[in-house]
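Here is how the chains run, residue by residue.
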Amino acid sequence: HIEDIVQFTQEVVEQGYGYTTTDGSVWFDVAKLGGAYGAFAEGRGTSTAAAQAAALIEEDPASASDNKRDQRDFALWKAAKEGEISWPSPWGAGRPGWH
């Protein structure tokens, strides 16, 4: 399903909800969602700020990057690192960024 994932990622970028970084990774831009990001946490009695803080604390270290626009952004496609399994993509060799 890698081809499907690459196609989906391309569509997210084309619609303006994703962006690429110099290392060849593609990130989802949560700021594009406005106040909707964290809305489900609001329904559980949690403030948006608390939900965002919790998301940062629980963030997968593999998704940490100085290239992200916002620390809440999450990887759609991760650039390949030496020794990792990878597939070709329009952004270079890499792998799906979510799990």
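Coordinates for the structure precede this section.
Here the structure is a predicted model, which is why all the values come from computation and not from measurement. (Residues numbered from 1 in each chain as written. Predicted model: local features only at pLDDT ≥ 70, side-chain atom pairs only at ≥ 80, totals over all residues. Heavy atoms only, no water.)

(A) Expanded view of the packing of aromatic side chains. All told, the structure shown has three aromatic pairs when counted by the stated rule. Measuring from centroid to centroid gives 6.2 Å for Tyr17 and Phe28, while their planes differ by 10°, and the two rings are stacked. With Tyr17 in the loop between helix 1 (2–14) and strand 1 (18–20) and Phe28 in strand 2 (residues 26–28), the pair connects residues that are 11 residues apart, well separated along the chain. Given a relative accessible area of 33%, Tyr17 falls into the partly exposed group. When the ring of Phe28 is compared with that of Phe74, the centres are 5.0 Å apart and the planes differ by 10°; the resulting orientation is stacked. Taken together, the residues span a long stretch of sequence, with Phe28 in strand 2 and Phe74 in strand 3 (residues 74–79) at a distance of 46 residues. Over the face of the ring belonging to Tyr19 we find Arg69, whose NZ or CZ atom lies 3.9 Å from the ring centre. (Phe/Tyr/Trp six-rings, centres within 6.5 Å; stacked < 30°, edge-to-face > 60°. Helix = DSSP H or I, 4+ residues; strand = E, 2+ residues; numbered from the N terminus. Buried < 20%, exposed > 50% of the residue type's maximum accessible area, 1.4 Å probe, protein only. Lys NZ or Arg CZ within 6 Å of the ring centre and 35° of its normal.)

(B) Broad picture of the nonpolar core. Counting residues in hydrophobic clusters, the biggest one holds eight residues: Val6, Val12, Val26, Phe28, Val30, Leu76, Trp77 and Trp91. For this core, the elements supplying multiple residues, two or more each, are helix 1, strand 2 and strand 3. If sequence neighbours within four positions are ignored, Trp91 has contacts with Val6, Thr9, Gln10, Thr20, Gly24, Val26 and Trp77. (Core = buried A, V, L, I, M, F, W, Y, C linked by side-chain atoms within 4.5 Å. Contact = heavy atoms within 4.5 Å.)

(C) Highlighting the pairing of strand 3. Where burial is concerned, most of strand 3 is hidden: five out of the six residues are buried. Bridge count for strand 2 against strand 3 is three bridges, and the pairing is antiparallel. Bridge pairing links Trp27 to Ala75 in strand 3. Pairing analysis gives three bridges linking strand 3 to strand 4 (residues 94–96), with the strands arranged antiparallel. In the strand pairing of strand 4, Ala79 is matched with Gly94. (Pairing = 2+ DSSP bridges.)

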